[in-house]
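Structural overview for review
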Amino acid sequence: GDDNSGRKVITFSCCRMPPSHQLNHTRLLEYLKYTLDQYVENDYTVVYFHYGLKSLNKPSLKWLQTAYKEFDRKYVSKIFGLPSVIFKSLLTISFSFPRYKKNLKALYVVHPTNFIKILWNIFKPLISHKFGKKITYLNYLSDLKEHLKYDQLNIPQEVIRHDENLRGKQKGKLPPVVKVPPPRPPLPTQQFGVSLQYIKDKNKGELIPPVMKETVSYLKRKGLQVEGIFRRSASIQTIKDVQKLYNQGKSVNFDDYHDIHIPAVILKTFLRELPQPLLTFECYDHILGITSVESSLRVTRCKQIIQGLPEHNYIVLKYLMCFLHMVSQESIYNRMTASSLACVFGLNLIWPSKGTASLSALIPLNLFTELLIDFYMNIFNSRTVPGE
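A brief structural summary. Along each chain, the written sequence defines residue order, and numbers are assigned to residues from 1. In keeping with the predicted nature of the model, local features appear solely for residues at pLDDT of at least 70, side-chain atom pairs appear and are counted solely at 80 or more, and the whole-chain, interface and lining totals rest on all residues. To get the side-chain values, take all heavy atoms of the structure and skip hydrogens and water.

1. Things to note about the packing of helix 9 (residues 210-222) against helix 14 (residues 311-329)
Every angle, taken between N-to-C directions, lies between 0 and 180 degrees, and every axis is a line fitted to C-alpha atoms, over only the stretch in contact when it is a helix. Strands here are runs of E lasting at least two residues and helices are runs of H or I lasting at least four, both read from the DSSP assignment and numbered beginning at the N terminus. In the contact formed by helix 9 and helix 14, the axes pass within 11 Å of each other and the chain directions differ by 15°. Judged on the interaxial angle alone, helix 14 and helix 9 are roughly parallel. Between helix 9 and helix 14 lies a crossing whose hand is left-handed. Taken together, the residues of helix 14 that come into contact with helix 9 (itself represented by Met 212, Lys 213, Val 216, Leu 219 and Lys 220) are Val 316, Tyr 319, Phe 323 and Met 326. Lys, Arg, Asp and Glu make up the charged group, whereas Ala, Val, Leu, Ile, Met, Phe, Trp, Tyr, Cys and Pro make up the nonpolar group; the residues left over, Gly among them, are polar. Here the residues of the contact of helix 9 with helix 14 are counted per class, giving seven nonpolar, no polar and two charged. When an angle is under 35 degrees it counts as roughly parallel; over 145 it counts as roughly antiparallel; between 65 and 115 it counts as roughly perpendicular; any other value is oblique. By convention, the crossing between two helices is left-handed when the near helix turns anticlockwise from the far helix through less than a right angle, and right-handed when the turn is clockwise. Throughout, a contact is declared for two residues whenever any of their heavy atoms are within 4.5 Å.

Rendered as structure tokens:
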């Protein structure tokens with residue numbers, strides 16, 4: 001899933017670790033590196049569920065030393081050694097190396113033990129102040145809701161039960177079921193969290209949502225050659241403020257914020273908060289099959305899939321892809337190739353109707369997006385977007 005700033009979220013659940021004697025630690029290390037390498041070029045967040053780490057399943061000191069050397073060998077670095085197996089595991093795996101920590105923007109440690117907190121205080125002077133500010137301790141799962149999209153997280157049942165027990169002990173009883181009030185109807189000027197049809201109906205039939213038109217227009221003028229555009233995050237509070245202005249129908253002048261990444265994040269946030277993805281739930285399985293298509297036929301298959309989109313979705317998608325194609329053409333300056341943009345936008349354009357996309361699904365989803373950007377002229381040549 002994503003956090004409230006649109007950054008990808010990686011979770012690590014200790015309770016899912018099998019007993020040490022049953023685990024192939026070499027494969028675990030390779031899987032960790034493979035998983036991290038999917039995201040470390042962009043801003044990302046880590047959620048570490050500490051519950052379930054016991055003497056039976058915690059990694060051995062020997063394995064941690066191997067992991068330490070493996071990361072160190074590939075991403076050259078010199079860093080402190082910690083005596084605690086648990087804490088060293090947490091900080092070694094959790095990206096205390098240049099390539100991994102550079103774009104790590106937040107590390108949430110859920111259900112930390114007092115021992116971890118004490119060790120952190122002891123070794124805090126040895127850790128850079130900048131990295132230390134990224135770590136947040138959360139005693140309860142509900143605290144996560146302030147920072148990211150809680151419902152998107154795949155939280156193990158063991159962790160949920162542990163959280164309920166902790167709350168029960170605190171209050172002397174299990175927490176009561178909280179009644180969620182019915183959602184408020186959207187404002188007539190609402191832009192985020194409503195359908196394309198709703199925005200069209202409230203904007204005199206305009207097919208391209210105002211927030212998309214304004215962010216794309218601004219980025220065309222001032223952001224095409226900005227290095228890392230769409231990779232960087234922005235102030236969470238500023239993003240909320242801008243969303244509020246749009247939802248209230250008020251004008252937004254991005255020059256006032258002096259941060260080119262704000263309109264970029266706003267555009268991604270708009271796409272991510274659509275009730276149904278721009279590429280629609282119906283296309284999800286078709287898109288997953290793109291890797292099974294012969295390479296020479298993939299562009300044709302992409303064209304076939306998007307021809308099945310509703311007219312409005314097609315028009316908005318074509319408008320967006322035209323812009324992203326322009327961004328990719330400036331990759332010599334902005335370092336954002338079609339592949340890089342696909343990694344950022346893939347899961348903002350398509351996601352499953354239930355749950356979250358698996359790690360294996362990222363490859364076809366990103367490939368499909370990359371093809372749309374790279375071969376924009378070939379794929380989008382049958383319909384005309386109004387105003388082009």
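2. Re the pattern of salt bridges
Counted as salt bridges are all cases of a side-chain nitrogen of Lys or Arg within 4 Å of a carboxyl oxygen of Asp or Glu. Enumeration according to the criterion identifies three salt bridges in this entry. Glu 206 is the partner of Lys 213 in a salt bridge, and the nearest nitrogen-oxygen pair spans 3.2 Å. Burial classes follow relative accessibility: with a 1.4 Å probe on protein chains only, a residue under 20% of its type's maximum area counts as buried, one over 50% as exposed, and anything between as partly exposed. Its relative accessible area of 34% is what places Lys 213 among the partly exposed residues. A relative accessible area of 41% places Glu 206 in the partly exposed class. The residue Lys 222 makes a salt bridge to Asp 255 at a minimum N-O spacing of 2.8 Å. With Lys 222 in helix 9 and Asp 255 in the loop between helix 10 (236-247) and helix 11 (261-272), the pair connects residues that are 33 residues apart, well separated along the chain. On the basis of relative accessibility, which here comes to 43%, the residue Lys 222 falls in the partly exposed class.

3. Observations regarding the side chain of Arg 272
With respect to the element layout, Arg 272 can be found in helix 11. Reaching out from Arg 272, the side chain makes a polar contact with the side chain of Asn 348 at a distance of 3.4 Å. Polar contact is defined as a pair of N or O atoms within 3.5 Å, subject to the rule that within protein one atom must be able to donate a hydrogen and the other to accept it, and that residues adjacent in sequence are counted only when both atoms are side-chain atoms.

4. Focus on helix 9
The α-helix advances 3.6 residues per turn, and as a result positions three or four apart in sequence lie on the same side. The end-to-end C-alpha distance of helix 9, which contains 13 residues, comes to 18 Å, matching closely the 18 Å that a straight helix rising 1.5 Å per residue would cover. Regarding helix 9, the residues found buried are Val 211, Met 212, Thr 215, Val 216, Tyr 218 and Leu 219. Burial along helix 9 is one-sided: seen end-on, the buried residues are contained in an arc of 165°. Elements that come into contact with the buried residues of helix 9 comprise helix 10, helix 11 and helix 14. By this rule, a helix spans an expected 1.5 Å times one less than how many residues it contains. By arc we mean the arc of the directions from the helix axis to the C-beta atoms, nothing more.

5. Digging into the sheet that holds strand 4 (residues 135-138)
Pairing between strands is defined by DSSP: at least two bridges between the two strands are required. One open sheet accounts for four strands, arranged 1-2-3-4; its pairing is parallel. A strand with exactly one partner marks an edge of an open sheet, and here the two such strands are strand 1 (8-13) and strand 4. Ignoring which end each strand starts from, the neighbouring axes of this sheet average 20° apart.

6. So, the packing of aromatic side chains
Geometry of aromatic contacts follows a simple scheme: Phe, Tyr and Trp rings, the Trp one being its six-membered ring, pair when their centres are within 6.5 Å, and the pair is stacked under 30 degrees between planes, edge-to-face over 60, tilted otherwise. Considering all chains together, one arrives at eight aromatic pairs under this definition. Pairing Phe 12 with Tyr 48 gives two aromatic rings, centres 6.0 Å apart and planes at 10°, and the pair type is stacked. Of the two residues, Phe 12 is situated in strand 1 and Tyr 48 in strand 2 (residues 44-49); the sequence distance between them amounts to 36 residues. With 6.1 Å between their ring centres and 80° between their planes, Phe 192 and Phe 270 make a pair best called edge-to-face. Of this pair, Phe 192 sits in the loop between helix 7 (157-171) and helix 8 (196-202) while Phe 270 sits in helix 11, placing them 78 residues apart in sequence. Above the face of the Tyr 140 ring, Arg 167 is positioned so that its terminal group lies 4.2 Å from the ring centre. Think of it as a cone above the ring: NZ of Lys or CZ of Arg counts as a charge over the ring if it is within 6 Å of the ring centre and within 35 degrees of the ring normal.

7. Observations regarding the packing of helix 9 against helix 11
Look at helix 9 against helix 11: their axes get within 9 Å of each other, and the N-to-C directions meet at 150°. The pairing of helix 9 with helix 11 is recorded here as roughly antiparallel in orientation. Where helix 9 crosses over helix 11, the handedness of that crossing is left-handed. Touching Val 211, Met 212, Thr 215, Val 216, Tyr 218 and Leu 219 of helix 9 are Pro 263, Ala 264, Ile 266, Leu 267, Phe 270 and Leu 271, all from helix 11. Its residues assigned to classes, the contact of helix 9 with helix 11 shows 11 nonpolar, one polar and no charged.

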